Amino acid sequence: MKAMGNYWKWILPGVIILFLLLLPLWGSLYIMSIFIFIGLYGMAALGVGVLIGYAGQVNLGPNAFMLIGAYTSAILAVDYGISPWLGTLCGAILTGVIAYIIGRAILRLHGFILAVVTACVALVSYRLVCELEITRGVFGITRIPHYAIGGFVLNQEVHYYYLVLVVLAILYVVTSNLIKSRFGRGFMALNLFHGGSEVASEAVGLDVGKLKMQAFVVSAVYGSIGGSIYAHYVTCITPQPFDLWWGLVLMMMATIGGMRSVLGPLIGSGLYFGLKEIISLTGAIKMAGLETFVFGLIFVLFLIFMPLGVVQLPSMVRRRWGKKDVGTAS
Amino acid sequence: MSRQGDSPYLEFRNVSKAFGGLVAVNNVSFSLLKGEVLSIIGPNGAGKTTLLNLITGIWPLSKGEIWFKGQKMSGLPTYRICHLGISRTFQNLQLFTDLSVVQNVMVGCHTKAHSSLLEVMLRLGRARREEQELFDRAVEKLSLFGLEKKALAMPLSLPLRERKLIGVARALATEPELLLLDEPAAGLSVEEVRDFSQRILKLNEHGMTILFIEHRMEMVEGISTRVVVLNFGCKIAEGTFDEIQRNEDVVAVYLGGTQKEEA
Amino acid sequence: MGLEDRILQAIVAGLSSGSIYAVIGLMIYIVYNVTTVFDLSLGCYVMLGGMIAAVLYASGLALPLSITLAVVITVIMGAGVWLIFMRRSMETAPHLTQVLITVGIMVMITSAAQMVFGTGTKMLPHFADIAPIRISSYAVITPQAPWIWGSLVLMIVAISWLYNRSMLGKGLRAVRDQMLAARLMGIKPLNTMLFSYALAAALGAIIGSMMVPMTAVSFGISFKIVVYGLIAGIVGGITKMRGIIVAGLALGVLEQLAAGFISSNYAEAIAMSVFLVALLLRPTGLLGAKEVRAEAKI
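Residues numbered from 1 in each chain as written. Chains lettered and ligands numbered in written order. Predicted model: local features only at pLDDT ≥ 70, side-chain atom pairs only at ≥ 80, totals over all residues. Heavy atoms only, no water.

(A) Here's a closer look at the sheet that holds strand β7 (residues 178-182) of chain B. All names here are of chain B. Reading across from one edge, β6-β7-β8-β3-β9-β10 is the order of the 6 strands in this open sheet, with mixed pairing throughout. In this open sheet, the two edge strands, each paired with only one partner strand, are β6 (86-88) and β10 (234-239). Averaged over all pairs of adjacent strands, the angle between strand axes in this sheet comes to 20°, irrespective of strand direction. Pairing between strand β9 (residues 226-231) and β10: 5 bridges, direction antiparallel. When the sheet's bridge partners are listed, V228 is paired in β10 with E238. Sheet contacts for helix α6 (residues 160-172): β6 and β7; angle to β7, the most-contacted strand, approximately 155°. (Pairing = 2+ DSSP bridges. Helix = DSSP H or I, 4+ residues; strand = E, 2+ residues; numbered from the N terminus. Axes fitted to C-alpha atoms, helices over the stretch in contact; angles between N-to-C directions. Contact = heavy atoms within 4.5 Å.)

This is the structure in structure tokens:
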């Protein structure tokens, strides 16, 4: 049985990776586009997972990061002819700076005040994007250029599919490194909701405020990248895909997938879009909001019964079958 | 137990702390010399833990000042105070329950790590080396208490005595000069208290200055250089254990508790 | 149309919208005091009260009946939601989980409302068929305002009485302070939590119905309005009802001043930005939060 266990550890991920790599061979454009969206929102969800799952700081408006990233990159490309790659980088920097300011400013406040502040920031930035001329208001920006490498323009689904895959792979590695490092430990040490203690962390010399800010910045940059790639993929953006409700969806993705894991939020994103597809496939009543309702329901149920998310399933199953639980120590 | 210098190491100057109408610490002054082991005793609610919280900057002072190594310390944020060389344990331990034992202690070592966020995320050489160093230093601190074998265990799976030692190991990981212990002996058996006292004494012999709050008189008697007695937030006596044992005010406060031990 | 007039108008209008924010703050206060959780789902009940009343009225019911029924339905829904989803985790789950659950509830109720009521806005007529009251050459009080103010005052009186005078109120406070002791005394904490939540839902539904004739309601306000309530709670201090009411009213006035003098599109953003800046300038937080937090840990 033990040999079987090791077997699974390598076979299953291997199969999934192979599946993902070969998807464009048999998948339709539509299927590829779904996966692209899963990936883009998944990036932002991953950022949410780092902030809420590891550092325990609630951000009620993670959509703002995607919003700023998307619009920065789009405006720079359309109005100033700046390369999309550079635009994406600028978006990430701008979002990071804003996150830095917010994080630094709110550093010693009670965690819940941070939550309300993030909600306000999200509301204000959404309003700004809807009203300002530079962002073309609710009608959005069109004719956003695609990415290009040298003369080669990324203008097809399959290009973006692999781009997203590559970016996700990089983010996965980078995030794993972060979590296993002293930053990850520091996040968990100050995470009140998972046995940490801000007071004890400070007493052993951790600058808790700075750590919170760092988690915030990481979260922001991930979201921004997702937003920027979105802009250059869809080539026209409105504020709507990055509104407050999407922000809450991001939180739900991270939670359902598993907040204390790097894959979790990505799985959560997959579940959301998968759910959307299932609902539209069953031709179910064209009720706007149905998938959000169902996802919200799943979210609440998970919180009650399986707070650590879908990734918790394997260990729960293992425990049921009597095998020793590996636990969460990294 | 060495005593050096004329200037006090840690100094309380007319310190008061009030929470709204409740005065927790009332005009307390005393000093601690380098290399001493000072214990603070007094009935529950006398303000002892508040004192510790004031030293470590968890609460701002209402009045007065706290000086450390000739520098005014009151008003600094807690983590800065830690960097100055003061570390503490908590009465309720406050271990990081979702981190393993060695990870708990490694958090204490973080003050010595300097690789940046970016370096860590990209796992560049310096970051990797530092991580290994942190691990080695943490294990070293654990081995001071014979706990290196339990490094990968989760704190909640260990008995109280070991968890307390992990708390001390974590505090020591910051390489402090002054160690504050908040009721370290609470909940331990007589044997365990003796063992713990010995370990603290050994730390002191190696140059650590110690300030601790206790109720367990055998520990206070066993290792203190001096004792400060608090009652209702006021300092009512100061001296060696023998001296305060004979102090009438102290005896009155404890209502004959010390008397019994003499007999 | 002098400056004073415009300010007066802003103040008067602001006191109306501010009353709504104050009530939400009050709702949050009620629930927080028993459960120590800031419940984000409470905004939904304002939305529901208004929407259900509007729909009932549109289907032919008389106004008073529509409103009463809307309040009743909302309270039942609130109680149901609490019993089904929140009861289990109330005592055992860590705080973050509880807060996230309230977020999930908000999402569910709001999207359910979207499914049932559609995405349009709903209206109700003014309660009294009188012309707006002129109080100066420019400033008017909308005929709905007295209803809103009256509701606020009644609620303040009722809640104060409840907390300070009645046995029930003492029970509510007991549960917050010492849950175990309260239980030993025969008070059932879960029942008191349910009661507070249902009470908050009732208040929300009432003010929601009051509010609809003045500003049409749609399903999306649930989130925004609870954020306003939270701001009122933070600024006013979550332990003092008085502070919350004042903060809510001030927030409303601030928003109207911004709308009148700067831009009505940006009014909400400006009001929130002021709040954020104020928070920045007083980094210790307006609740003296650092001390609160430290006390809770040691």
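(B) Layout of the side chain of T50(B). Within the secondary structure, T50(B) is located in helix α1 (residues 48-55). With residues up to four places along the chain from it excluded, the contact list for T50(B) reads K17(B), F19(B), A24(B), V25(B) and W59(B).

(C) Local environment of the interface of chain C and chain A. Every contact between the two is made by 46 residues of chain C and, on the other side, 44 residues of chain A. Applying the counting criterion to the chain C and chain A interface returns 0 salt bridges. Linking chain C with chain A are 2 residue pairs in polar contact (both at pLDDT 80 or more). Counting residues per element, the ones that place at least two in the side of chain C that touches chain A are α3 (63-90), α4 (95-117), α9 (221-236), α11 (267-281) and α12 (289-297) of chain C. The element contributing the most residues to the side of chain C that touches chain A is α4(C), with 17 residues. For the side of chain C that touches chain A, a count of residues per class yields 30 nonpolar, 11 polar and 5 charged. (Salt bridge = Lys/Arg side-chain N within 4 Å of Asp/Glu carboxyl O. Polar contact = N/O pair within 3.5 Å; in protein donor to acceptor, adjacent residues only side chain to side chain. Nonpolar A, V, L, I, M, F, W, Y, C, P; charged D, E, K, R; others polar.)

(D) Highlighting the domain arrangement of chain B. All names here are of chain B. Along its sequence, chain B is carved into domain 1 (1-85 + 176-263) and domain 2 (99-173). Contacts between the two partners involve 16 residues from domain 1 and, on the opposite side, 10 residues from domain 2. Carbon and sulfur atoms supply 74% of the area that domain 1 and domain 2 bury against each other, a total of about 1,000 Å² over both sides. There are 1 salt bridge connecting domain 1 and domain 2. Seen at the junction of domain 1 and domain 2, the total is 3 residue pairs in polar contact (both at pLDDT 80 or more). Where the side of domain 1 that touches domain 2 is concerned, the elements lending two or more residues are β7 and α7 (190-205). (Domains from an automatic or database assignment. Buried area = accessible area lost by both parts, 1.4 Å probe.)

(E) Highlighting the state of the cysteines. Per the stated rule, a full pass over the model turns up 0 disulfides over all chains. Left unpaired, C44(C) is separated from the closest cysteine sulfur, that of C120(A), by 17 Å. (Disulfide = S-S within 2.5 Å.)

(F) Layout of the pairing of strand β3 (residues 37-41) of chain B. All names here are of chain B. Burial within β3 is extensive, with 5 of its 5 residues counted as buried. Residues V37, S39 and I41 line one face of β3 and the alternating positions L38 and I40 line the opposite face, and both faces are buried. Bridge count between β3 and strand β8 (residues 209-213): 4 bridges; the pairing is parallel. Bridge pairing in β8 links S39 to F212. Pairing of β3 with β9, which is carried by 4 bridges, proceeds in the parallel orientation. Each residue of the ladder has a partner; that of L38, found in β9, is R226. (Buried < 20%, exposed > 50% of the residue type's maximum accessible area, 1.4 Å probe, protein only.)

(G) Structural view of the packing of aromatic side chains. Counting across every chain of the model gives 26 aromatic pairs over all chains. Judged by centre distance (4.1 Å) and plane angle (10°), the ring pair of Y21(C) and Y228(C) falls under stacked. With Y21(C) in helix α1 (residues 3-35) and Y228(C) in helix α9, this pair connects stretches of sequence that are 207 residues apart. By the burial criterion, Y21(C) is buried, and Y228(C) matches it. Site record: aromatic cluster; members linked through ring pairs are F37(A), Y41(A), W85(A), Y147(A), Y160(A), Y230(A), Y233(A), F242(A), W246(A), Y272(A), F273(A) and F295(A). In this structure, R182(A) is placed above the aromatic ring of F183(A), and the distance from its NZ or CZ to the ring centre is 4.6 Å. Here the basic side chain of R88(B) rests over the ring of F90(B), its NZ or CZ set 4.2 Å away from the ring centre. (Phe/Tyr/Trp six-rings, centres within 6.5 Å; stacked < 30°, edge-to-face > 60°. Lys NZ or Arg CZ within 6 Å of the ring centre and 35° of its normal.)

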